[in-house]
Each structure stands twice: as C-alpha cells, then as structure tokens.
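# Chain and residue survey
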Amino acid sequence: MISTEPVILKLGGSVITDKGADEGIVREADLLRIAKEVSEFRGKMIIVHGAGSFGHTHAKNYGLDRKFDPEGVIITHESVKKLASTVVGALNHFGVRAVAVHPICCTVCRNGRIESMYLDNIKLMLEKGFVPVLHGDVVMDLELGACVLSGDQIVPYLAKELGITRLGLGSAEDGVLDKDGKSVPEITPEKFENFKHYIRGSGSTDVTGGMLGKVQELLELSKTSSITSYIFNAGKEDNVYRFLNGESIGTRISPDKRV
Ligand SMILES: Nc1ncnc2c1ncn2[C@@H]1O[C@H](COP(=O)(O)OP(=O)(O)O)[C@@H](O)[C@H]1O
Ligand SMILES: [Mg+2]
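The numbers attached to residues start from 1 for each chain and follow its sequence in the written order. All chains are assigned letters beginning with A, and all ligands numbers beginning with 1, in the order in which they are written. Reporting in this predicted model follows two pLDDT cut-offs: at least 70 for local features of residues, and 80 or more for side-chain atom pairs to be given and counted; totals over whole chains, interfaces and linings ignore these cut-offs and use all residues. Side-chain numbers here rest on the full set of heavy atoms in the structure, without hydrogens or water.

Right, let's talk about the site of ligand 1 for a bit. Surrounding ligand 1, one finds 20 residues, the nearest of these being Lys 19, Ser 171, Ser 202, Asp 206 and Lys 214. Within the backbone of Ser 14, a nitrogen or oxygen atom sits 2.8 Å from an oxygen atom of ligand 1. Polar contacts, as counted here, are pairs of nitrogen or oxygen atoms within 3.5 Å of one another; within protein the pair requires one atom able to donate a hydrogen and one able to accept it, and residues that are adjacent in sequence qualify only if both atoms are side-chain atoms. Separating a nitrogen atom of ligand 1 from a backbone N or O atom of Leu 177 is a distance of 2.9 Å. The protein chains shown are the only cover counted for residues, whose accessible areas, like all others here, come from Shrake-Rupley with a 1.4 Å probe. Expressed as a share of its isolated accessible area of 580 Å², the protein-covered part of ligand 1 is 89%. Here a helix means four or more residues in a row that DSSP labels H or I, a strand means two or more in a row labelled E, and each is numbered from the N terminus. Counting only elements with at least two residues in the shell around ligand 1, the list comes to helix H1 (13-16) and helix H9 (210-223). Here a residue is considered near a molecule or strand provided that any single heavy atom belonging to it is located within 4 Å of it.

Spelled out as structure tokens, the structure:
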C-alpha cells in the first residue's frame, strides 16, 4: 500500500554534481538514474537537493560563510538556480511533476538559522500532486544580510513544520562511517557523544558542515520530535527507490527513547 504521507528526500550535491570541480558540473548519469528511481515512487514527496559545485565554490570564493557580499549572493544564487532547473528538468523528463521552489524567495534566516519560510505554496503543491524541489541557496538574513542555507537544514525544518515523519539524506557514503570506514546502523543523541570525533566536515568544498552538519541537524530534530531519519548512499543504484519505498537503509538517526 502506498503511504499518503509525504516523504522528504535530499539529494546531496556530492551525488548529483562533481563536487571536486571549480565550476558547476552535473553528474548527468547519476542524476538521470535518480530521477528515474524517483519516478517509480507513487507517493507524495518533497525533494531538496544540495548545491554541490554550483554553490559551494562561489560561496567560498566570495566568503559568504563569513561576510555579506551582494555580488557573491547573486552569482551564487544564479548558479544554484541553474542546477535546480537541471534537476527539475530531469525529474519532469521521467514524468515526476517537479516544480522548483527557490529558498531565497520564501525564506528568512537569523544568524544562519531559518526564522520563517512561506509554506502555503508547498502544501498546495503536495495536495495537487506536484513535487516541490527546494535546494541549498543563499537567503536573506535578519542579522547577517544574507547567509548560506544548507539543504541539510531545510529538510528537518520542513519535516517539523509540515509534520512529515519519513526523511532521508542521500549522500555519497554508505551512511555515517566509523573509524574503520564501516557504516554505523544507528546514532542516537546518547551514542553521538562517543562517536562524534569520527564524523567530520566534507571531503570536498562544502561551506555547510559536511557529514557532521547532517548528523547534528538530524539529531536536533530527533531531540524535539519522535522522527527517525536516514543518511544513505544515493550514489548506489536502487537506494533512492528503496528509501522512498520504506526500506531502512544507511544510518538511522533516532531519538533516545523510541516512541
Ligand atoms: N564519519 C563520516 N562518515 C561519512 N562521511 C564523512 C564522515 N566524516 C566526514 N565525512 C565526509 O562528509 C561527506 C558528506 O558531506 P558533504 O560533502 O557535505 O555531502 P553532500 O554533498 O551530500 O551534502 C562525505 O562524502 C565525507 O567526505
Ligand atoms: Mg553538504
């Protein structure tokens, strides 16, 4: 049976773009494979994708993680918008009714954290069978002028605000890896304390915290809700499909006490 409750899927920039590149380069074969897997899922969903080499390189060059630079904001936003258009194009090619929702148009942050996001359009899109596609972006910030907003922050925010309980971050590793490079089945707030020194930032240019940033965002969510989320490898065939269809793959981030 198909669940009527929407699912939130994040596609990491490390999967859909060549993150080692100095300019925006799409990993076309991976994007098309993922778009096809998404199209085979019949339920409602929101997709959030990372900025990959379309965002992080500009953000770093203009120092957007440290200072307000209007030119850098525009260049970075225009660049991630191009990636969003490519992602939405690939999804529509396979019959997914995807619509880009650019975070800069509907979100205000304060000191880098989401203060408010306009959600009425997203709710209506879900109701009417569209798949809203958000992405890592630069957005206006009440204190900083503008800030870099990671897809990893958008995902738990949407889950909480929209009451969605199934969410997954698809990235380039088999989950959160331990010191031997093996994927850890589960992290809870309690277990995280013994484990956090193995979790680092990104291996490529990423101004928003890499794997540690993901785990922290999801743990925060699990502290204030009973939501369990997943970090899995979207670079491997069928994983996106398996996640969307309810399988437990990769690393599970759970509240300490199961509800
Ligand atoms: N313990 C860990 N387990 C998995 N990945 C880790 C770990 N520590 C650091 N990383 C790095 O974090 C990266 C994932 O973060 P990031 O590059 O931001 O991905 P995305 O593009 O999906 O946001 C991994 O590819 C890896 O280089
Ligand atoms: Mg990242």
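Okay, back to it.
Looking now at the sheet that holds strand S4 (residues 107-110). Hydrogen bonding along the main chain pairs the strands of a sheet, whether they run parallel or antiparallel. At least two DSSP bridges between two strands are required for those strands to pair. As summarised here, the arrangement of the four strands in space is S5-S4-S7-S8, forming an open sheet in which the pairing is mixed. Looking at strand neighbours, the two that pair on one side only are strand S5 (113-117) and strand S8 (145-149), the edges of this open sheet. For this sheet, the mean angle separating the axes of adjacent strands, direction not counted, is 45 degrees. As paired elements, S4 and strand S7 (residues 137-141) share two bridges and run parallel to each other. Bridging from a neighbouring strand, Cys 109 pairs with Asp 141 of S7. Residues count as neighbours in contact if any of their non-hydrogen atoms are within 4.5 Å of one another. All axes are obtained by fitting lines to C-alpha atoms, using only the stretch in contact for helices, and the reported angles, taken between N-to-C directions, cover 0 to 180 degrees. Taken strand by strand, helix H4 (residues 70-93) contacts S7 and S8, and its axis lies near 135 degrees from that of S7.

In an α-helix, one turn spans 3.6 residues, which is why side chains three or four residues apart end up on the same side. Look at helix H2 (residues 28-39): 16 Å from first C-alpha to last across twelve residues, which is about the 16 Å you get at 1.5 Å a residue. Burial classification: accessible surface area is computed with a 1.4 Å probe over protein chains only, and a residue below 20% of its type maximum counts as buried, one above 50% as exposed, and the rest as partly exposed. For H2, the full list of buried residues reads Leu 31, Arg 33, Ile 34, Ala 35, Glu 37, Val 38 and Ser 39. Against the buried residues of H2 lie strand S1 (7-11), H1, strand S2 (45-49), H4 and helix H10 (239-244). Expected span of a helix: the number of residues minus one, times 1.5 Å.

Looking now at the packing of H2 against H4. In the contact formed by H2 and H4, the axes pass within 8 Å of each other and the chain directions differ by 50 degrees. When the axes of H2 and H4 are compared, the pair comes out oblique. Crossing of H2 against H4: the hand is right-handed. Mapping the contact onto sequence places Leu 31, Leu 32, Ala 35 and Val 38 in H2 and Thr 86, Val 87, Ala 90 and Leu 91 in H4. For this classification, the nonpolar set comprises Ala, Val, Leu, Ile, Met, Phe, Trp, Tyr, Cys and Pro, the charged set comprises Asp, Glu, Lys and Arg, and every other residue, Gly included, is treated as polar. In the contact of H2 with H4, the residues fall into seven nonpolar, one polar and no charged. Just so you know how the angles are binned, under 35 degrees is roughly parallel, over 145 roughly antiparallel, 65 to 115 roughly perpendicular, and the rest oblique. By definition, turning the near helix anticlockwise from the far helix through less than a right angle yields a left-handed crossing, and turning it clockwise yields a right-handed one.

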